[in-house]
Amino acid sequence: MLLRGTLPACNVAVSACNQPQKNNQLSHSFFNFTPRRQKSLLSASVARTSSIMAVATNEQKKEVAYEPSLADRLRLGSLTDDGLSYKEKFIVRCYEVGINKTATVETIANLLQEVGCNHAQSVGFSTDGFATTLTMRKLHLIWVTARMHIEVYKYPAWSDVVEIETWCQSEGRIGTRRDWILKDYATCEVIGRATSKWVMMNQDTRRLQKVTDDVHEEYLVFCPKEPRLAFPEENNNSLKKISKLEDPAHYSRLGVVPRRADLDMNQHVNNVTYIGWVLESMPQDIIDTHELQSITLDYRRECQHDDVVDSLTSLESLEDAALGTNGSATASREINKSFLHMVRLSGDDGLEINRGRTEWRKKFVKS
């Protein structure tokens, strides 16, 4: 992932709730310092980050060799004081907003991916895009996404500053979980949350594998000691099972071909690309009158650069939409429309690549 822009020359008033943490590498107050003071702040921040890593690796009794790069020193993010989560600030760029001058859901998903990668690098995991531990690299193991759930309560506008906090934790014996909380940095308002589940795969055989004790020991030292969840485990939509979309679908976009730009550094279609594919088959009248409130994607199969895919969408039935977590009735949600989605390989086989569910609320129209 590329560094998002250069440091702006600006002066920003910081509210009380936005006072920088003690170990932040950069903050809004950074811009008020002289160049000499900036250099001093950067050096101190790197030292603090290194000391946190040293404590963690001493507990682990393993040395993690990691030298902060220029990007590490310049980006607006760092580990929190306890070293168990990571926060970073982003300015919404003009090319990251849509027709409403607010960030698109793809922009949100890209920022989640960026801050997750930066968190992994900050604790000394690999910088090659896989965020792997030493044992995983020896055994040719990588993390792959199994599920992603994003909820956006308020979309940031062009030039807004968003602060994203992320952390990871164990998800049983089959994988790991990463959560995020998004805030408007100017107001401290929570504007979104997200959670994801990841499983371990052998990079050579492409088969899933249980997380070994050695891998657990390497990354658990950087995880919260007690479960910390962006969404509560009970009565939340992130756990809701996604029904398989029955063909024929109400809406479809057939014969979608991955572009070169859709491939990630691992030579596979980027996770965020699937979000765009899902939305390609949404009816235009919903796009015009509604905005996306939540999206859930279950990833079932890898997509290669030479695959051709179909995007299918159907309006979810009222009965299914009324069901909550794991199919049981729960408190009602003020959702105007919900849809089921499927991205599949084109052709006779029609193998399912992923299935999804989206919820939409009516756009606020100024009178």
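Sequence order as written defines the numbering, with residues in each chain counted from 1. Owing to the predicted nature of the model, reporting of local features is limited to residues with pLDDT of at least 70; listing and counting of side-chain atom pairs is limited to 80 or more, with chain, interface and lining totals taken over all residues. Side-chain numbers come from the whole structure's heavy atoms, not from hydrogens or water.

Named according to an unreviewed UniProt entry, the chain is Oleoyl-acyl carrier protein thioesterase, chloroplastic-like originating from Nicotiana tabacum.

**Digging into the overall build of the chain**
For the chain, the count of helices and strands is 8 helices and 12 strands. Counting only residues that meet the buried cut, the chain has 49% of its 367 residues in that class. In the chain, the proportion of contacts linking residues at least 24 apart, taken out of those at least 6 apart, comes to 74%. In these tables, accessible area is a Shrake-Rupley quantity obtained with a 1.4 Å probe, and a residue counts as shielded only by the protein chains included in the view. Per element, the accessible surface of the chain, about 18800 Å² overall, is 53% carbon and sulfur. Only DSSP runs of H or I reaching four residues or more are called helices, and only runs of E reaching two or more are called strands; each is numbered from the N terminus. Only protein chains enter the accessibility calculation, which uses a 1.4 Å probe; a residue whose area is less than 20% of its type maximum is buried, one above 50% is exposed, and one in between is partly exposed. Only heavy atoms matter for contacts: two residues are in contact if any of them lie within 4.5 Å across the pair.

**Remarks on helix α6 (residues 271-280)**
With 8 of 10 residues buried, α6 is to be regarded as a mostly interior element. Those residues of α6 that sit buried are Val272, Thr273, Tyr274, Ile275, Gly276, Trp277, Val278 and Leu279.

**Description of the pairing of strand β10 (residues 309-315)**
For β10, a buried count of 6 out of 7 residues is recorded, marking the element as mostly surrounded by other parts of the structure. Only strands that DSSP links by at least two bridges are regarded as paired with each other. Of the strand pairs in this sheet, β10 and strand β11 (residues 337-345) are connected by 7 bridges, and their pairing is antiparallel. Bridge pairing in β11 links valine 309 to leucine 345.

**Looking at the confidence of the model for the chain**
The predicted model of the chain has a mean per-residue pLDDT of 80, with 76% of residues at 70 or higher. Note on residues 1-16: pLDDT is under 50 here. Beyond four places in sequence and across chains, it has 29 contacts. Known as pLDDT, the predictor's per-residue confidence is scaled from 0 to 100. Across residues 20-63, where pLDDT falls below 50, the model places 77 contacts with residues more than four positions away in sequence or in other chains.

**Topic: the packing of aromatic side chains**
Side-chain rings of Phe, Tyr and Trp (the six-membered ring for Trp) are treated as a pair once their centres are within 6.5 Å; stacked means planes under 30 degrees apart, edge-to-face means over 60, and tilted covers the remaining angles. Applying the stated criterion to the full structure yields 4 aromatic pairs. For the pair phenylalanine 125 and phenylalanine 222, a centre-to-centre distance of 5.6 Å together with 85 degrees between the ring planes defines the contact as edge-to-face. Placement of the pair is phenylalanine 125 in the loop between α3 (105-122) and α4 (134-138) and phenylalanine 222 in the loop between α5 (213-220) and β8 (251-256), with a sequence separation of 97 residues. You'll find phenylalanine 125 and phenylalanine 222 in the same group, each marked buried.

**Thoughts on the pattern of salt bridges**
In the sections that follow, a salt bridge refers to a side-chain nitrogen of Lys or Arg positioned within 4 Å of a carboxyl oxygen of Asp or Glu. Taken as a whole and assessed by the stated rule, the structure comprises 17 salt bridges. Across the pair arginine 75 and glutamate 88 runs a salt bridge whose closest N-O atoms are separated by 3.8 Å. Highlighted residues: arginine 75 in the loop between α2 (70-74) and β1 (77-79) and glutamate 88 in strand β2 (residues 86-91), separated in sequence by 13 residues. For glutamate 88, a relative accessible area of 3% puts it in the buried group. Among the ionic pairs, arginine 357 bridges to glutamate 316, the shortest N-O distance being 2.8 Å. Placement of the pair is arginine 357 in strand β12 (residues 352-362) and glutamate 316 in the loop between β10 and α8 (318-321), with a sequence separation of 41 residues. Residue classification places arginine 357 among the buried residues on the basis of a relative accessible area of 4%. Through salt bridges that share partners, Lys240, Glu316, Arg357 and Glu359 make up one connected network.

**Structural notes on the environment of methionine 148**
By the secondary structure assignment, methionine 148 is in strand β3 (residues 141-152). Judged by its relative accessible area of 15%, methionine 148 is buried. Here the alpha-carbon distance between methionine 148 and serine 238, two residues 90 residues apart in the chain, equals 8.4 Å. Setting aside chain neighbours within four positions, we find methionine 148 in contact with Trp180, Thr195, Ser196, Ile295, Thr296, Leu297 and Tyr299.

**Some thoughts on the nonpolar core**
Membership of the largest hydrophobic core comes to 57 residues, with the highest contact counts inside it found for Leu112, Ile150, Ile164, Tyr274, Ile275, Trp277 and Val309. Excluding anything up to four places from it in sequence, valine 309 contacts Arg253, Leu254, Gly255, Val256, Trp277, Cys303, Val343, Arg344, Leu345, Ser346 and Ile353. Throughout, nonpolar core names a set of buried Ala, Val, Leu, Ile, Met, Phe, Trp, Tyr and Cys residues whose side chains join them through atoms within 4.5 Å.

**Digging into unusual backbone geometry**
At the junction of aspartate 247 and proline 248, the peptide bond is cis and its omega measures out at 5 degrees in the coordinates. Despite not being glycine, arginine 206 has its phi angle at roughly 65 degrees, a positive value. The topology assignment puts arginine 206 in the loop between β6 (190-202) and β7 (208-209).

**So, the packing of α3 against α6**
Each axis is a line fitted through C-alpha atoms, and for a helix only the stretch in contact is used; angles between axes span 0 to 180 degrees, taken between their N-to-C directions. Between α3 and α6, whose axes approach to 9 Å, the crossing angle comes to 165 degrees. Here α6 runs roughly antiparallel to α3, going by the angle between their axes. Once α3 is placed against α6, the crossing between them reads as right-handed. Contact residues: α3 offers Val105, Glu106, Ala109, Asn110 and Gln113, while α6 offers Asn271, Val272, Ile275, Gly276 and Leu279. A class-by-class count of the residues in the contact of α3 with α6 yields 5 nonpolar, 4 polar and 1 charged. Should an angle fall under 35 degrees it is called roughly parallel, over 145 degrees roughly antiparallel, and 65 to 115 degrees roughly perpendicular, with every other angle called oblique. By definition, turning the near helix anticlockwise from the far helix through less than a right angle yields a left-handed crossing, and turning it clockwise yields a right-handed one. Put simply, Ala, Val, Leu, Ile, Met, Phe, Trp, Tyr, Cys and Pro go in the nonpolar bin, Asp, Glu, Lys and Arg in the charged bin, and everything else, Gly too, in the polar bin.

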